[in-house]
Amino acid sequence: MHHRLAIIGFGTVGRGLAEILHKKKEDLKQRCGVEFSVVAVSDLLLGSVYWEKGLKLSQLLNLANEGQSIAAYPDGIKGWDSFRVIKESRADTIVEVTYTDLKTGEPAISHFKAAFESGKHLVTTNKGPVALCYRDLAAMAEERGVQFRFEGTVMSGTPVLNLAARTLAGTTIKDIRGILNGTTNYILTEMEKGLSYSAALKQAQEMGYAEANPEADVEGWDALAKVIILANVLLGGDLKVQDVPRKGITGLTPEDIHRAAQAEMRWKLIGKVQRENGSVVASVAPETIPNSDPLAGIGGATNALTFTSDFLGPVTIVGPGAGRLETGYALLNDLLHISVGDGIGSKDFW
Ligand SMILES: NC(=O)c1ccc[n+]([C@@H]2O[C@H](COP(=O)([O-])OP(=O)(O)OC[C@H]3O[C@@H](n4cnc5c(N)ncnc54)[C@H](OP(=O)(O)O)[C@@H]3O)[C@@H](O)[C@H]2O)c1
């Protein structure tokens, strides 16, 4: 089977996917029977190229990694903007990996809608649109008969949404709680080693875990978006940003960390979703949890989620929550689901 892709946004994750598709080309053909070709790439900074016969990914990656415009690619049509690529390219699936905006969801929401209107599948790792308007987007995709997949929006390539939807099919998930932000978990782990909050944050920035403006992570916004996705996609909720109480880690002191350690406890930024009196509720806040809790043992930038269901009790999955190849893999996983048709459409999640 031949699956043609157009990538919108050629930053860390877009290039991560291109690298995986390049390295795994033969393997994917042999083992999965799928031949992927990238027919278009559009990026604000790097420009755009559309070549219906399929772009040579090594050549494209070389240009991008050297900071050159991808319009320097020798073949194809240059200069199309993202919307023209989405609407007019002969791609089967649009891979949307532009930046996340948790206030407006743009430009991604408009990209998603343009893809659905053009009868194209959409895969993404962009949390904003899924957290802000999952139901509308899923309904639109269903109406147009296309797939809308977003495994990488929660815990990157660690298979959280697929785990709940497929592997735990038939159980009723009662609650979900976990560590959904690697930056804050790294900071808390370093504070346990004796660093102050500001020294731990500085170290996280030097390691590339935290942005120059760390607010989205340390104030809990990033975890909030993921909690809303879990609530609305897996538990059938209809939560909005304003429905979810949110507190970050900025108020925690070395004394708080020390007192918890003396009581054999640890501070973690916990995202929670549960069913309560017939509705779905969620929150993000720092909590002390006993050292015996599986989440207490999760150190550094690693993420983890515990699903509690009627038949199994707690089941915990631990894995990366970010990274070029890790997040690129989430996209590959979604693309393979579309290609080999496992029967999971956007409506089948709960
Ligand atoms: N990196 C991770 O580990 C990770 C993990 C999970 C989820 N995600 C999500 O995945 C998405 C991509 O992340 P990333 O790390 O790859 O971000 P990134 O490195 O900032 O790349 C985003 C790219 O999209 C481009 N872009 C922005 N608006 C565009 C538009 N209208 N048309 C075409 N291109 C546009 C940007 O161009 P400019 O540079 O010119 O603005 C940039 O090159 C984000 O939504 C992020 O939240 C990332």
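Residues numbered from 1 in each chain as written. Predicted model: local features only at pLDDT ≥ 70, side-chain atom pairs only at ≥ 80, totals over all residues. Heavy atoms only, no water.

**Some words on the overall build of the chain**
This is how the line gets drawn: Helix and strand assignments follow DSSP, with helices taken as H or I runs no shorter than four residues and strands as E runs no shorter than two, numbered in order from the N terminus. Each residue's exposure class comes from its accessible area (1.4 Å probe, protein chains only) as a fraction of the maximum for that residue type: buried when under 20%, exposed when over 50%, partly exposed otherwise. Contact criterion: two residues are considered in contact whenever any of their non-hydrogen atoms come within 4.5 Å of each other. Each accessible area value is a Shrake-Rupley result obtained with a 1.4 Å probe; residue values ignore everything except the protein chains displayed when judging cover.
A count of helical and extended segments in the chain gives 13 helices and 12 strands. Overall, the C-alpha framework of the chain stretches about 65 × 45 × 40 Å when taken along its three principal axes. Residues classed as buried in the chain amount to 54% of the 350 residues present. In the chain, 70% of the contacts between residues at least 6 apart in sequence involve partners at least 24 apart. Element-wise, carbon and sulfur atoms account for 50% of the exposed surface of the chain, whose accessible area totals about 15,100 Å².

**Details of the site of the ligand**
We apply this condition: One heavy atom within 4 Å of a molecule or strand makes the whole residue count as near it. Any N or O atom pair separated by 3.5 Å or less is treated as a polar contact, with the protein-specific requirement of one donor-capable and one acceptor-capable atom, and with residues adjacent in sequence counted only for side-chain atom pairs.
Not every one of the 22 residues close to the ligand is listed here, only the nearest: Asp43, Thr98, Thr100, Thr125 and Gly323. Asp43 has a polar side-chain atom sitting 2.6 Å from an oxygen atom of the ligand. Within the residue set of the shell around the ligand, elements represented by two or more residues are helix H1 (12-23) and strand S2 (35-43).

**Observations concerning the environment of Leu5**
With respect to the helices and strands, the residue Leu5 is situated in strand S1 (residues 2-8). Using a relative accessible area of 0% as the deciding quantity, one classes Leu5 as buried. Sequence separation of Leu5 and Ala91 is 86 residues, and the distance between their C-alpha atoms is 5.0 Å. Apart from residues no more than four positions distant in its own chain, Leu5 is found in contact with Leu21, Phe36, Ser37, Val38, Val39, Ala40, Ala91, Thr93, Val95 and Leu335.

**A short note on the sheet that holds strand S6 (residues 121-124)**
In sheet architecture, strand pairing relies on hydrogen bonds along the backbone and comes in two forms, parallel and antiparallel. Heads up, the rule is: If DSSP finds at least two bridges between two strands, the strands pair.
Read from one edge to the other, the open sheet built from 7 strands follows the order S4-S3-S2-S1-S5-S6-S7, with strand pairing classed as mixed. This sheet does not close on itself; its edge strands, each paired only once, are strand S4 (77-78) and strand S7 (148-149).

**A closer look at the pattern of salt bridges**
Definition in use: Counted as salt bridges are all cases of a side-chain nitrogen of Lys or Arg within 4 Å of a carboxyl oxygen of Asp or Glu.
Considering all chains together, one arrives at 19 salt bridges under this definition. Of the charged contacts, one joins Glu26 and Lys29 as a salt bridge, the two residues approaching to 3.7 Å between their closest N and O atoms. Here Lys29 and Glu26 lie together in helix H2 (residues 25-32), a separation of 3 residues that amounts to about one turn. In the salt-bridge network here, residues are joined through shared partners; they are Glu19, Lys23 and Arg324.

**Some thoughts on the layout of surface pockets**
For clarity, the threshold we go by: Cavities and pockets are found on a 1 Å grid laid over the protein atoms alone: a cavity is a set of points where a 1.4 Å probe fits but cannot escape, a pocket is an open set with protein on both sides within 12 Å along at least five of seven lines, and a lining residue has an atom within 4 Å of such a point. Grid points are joined across faces, edges and corners, and a volume is the space filled by probe spheres set on the points. Think of it as three bins: nonpolar holds Ala, Val, Leu, Ile, Met, Phe, Trp, Tyr, Cys and Pro, charged holds Asp, Glu, Lys and Arg, and polar takes everything else, Gly as well.
The volume enclosed by the second largest pocket comes to roughly 240 Å³. Of all the secondary structure elements, the ones that give two or more residues to the lining of the second largest pocket are H1, H2, S2 and helix H3 (57-65). No other element matches S2, which puts 4 residues into the lining of the second largest pocket. Of the residues belonging to the lining of the second largest pocket, the class tally is 7 nonpolar, 5 polar and 4 charged.

**Regarding the packing of aromatic side chains**
Each aromatic ring pair is specified by the distance between its two centres and by the angle formed by the two planes. Heads up, the rule is: Pairs were defined over the aromatic rings of Phe, Tyr and Trp, the Trp ring being its six-membered one, requiring ring centres within 6.5 Å. Orientation was assigned from the angle between planes: stacked under 30 degrees, edge-to-face over 60, tilted for the rest.
Summed over all chains, the structure comprises 7 aromatic pairs. Ring geometry for Tyr134 versus Phe148: centroids 6.5 Å apart, planes at 25°, classification stacked. Taken together, the positions of Tyr134 in helix H6 (residues 127-144) and Phe148 in strand S7 put the pair 14 residues apart, joining distant regions of the chain. Residue Tyr134 is classed as buried on the basis of its relative accessible area, which comes to 4%. For Phe148, a relative accessible area of 0% corresponds to the buried category.

**Thoughts on the sheet that holds strand S12 (residues 313-319)**
Cut-off, in case you're wondering: Axes here refer to lines fitted to C-alpha atoms; in helices the fit is confined to the stretch in contact. Angles between the N-to-C directions go from 0 to 180 degrees.
Here we have 5 strands laid out as an open sheet, ordered S10-S9-S8-S11-S12, and antiparallel in their pairing. What marks the edges here is a single partner per strand, and that holds for strand S10 (279-290) and S12. With direction set aside, neighbouring strand axes in the sheet form an average angle of 20°. On top of the sheet, helix H7 (residues 160-167) reaches strand S8 (173-179), strand S11 (303-309) and S12; it is set at about 20° to S11, its chief contact. The strands touched by helix H12 (residues 254-262) within the sheet are strand S9 (265-276) and S10, with S9 carrying the most contacts at an inclination of about 85°.

**A look at unusual backbone geometry**
For the bond running from Glu106 to Pro107, omega is 5°, close enough to zero to count as cis. Turning to its location among the elements, Pro107 is positioned in the loop between strand S5 (93-96) and helix H5 (108-117). A positive phi angle is found at Ser156, which is not glycine, with a value near 50°. Inspection of the secondary structure assignment puts Ser156 in the loop between S7 and H7. The backbone of Asn277 sits at a positive phi, close to 45°, despite the residue not being glycine. Relative accessible area serves as the criterion here: at 80%, Asn277 is assigned to the exposed category.

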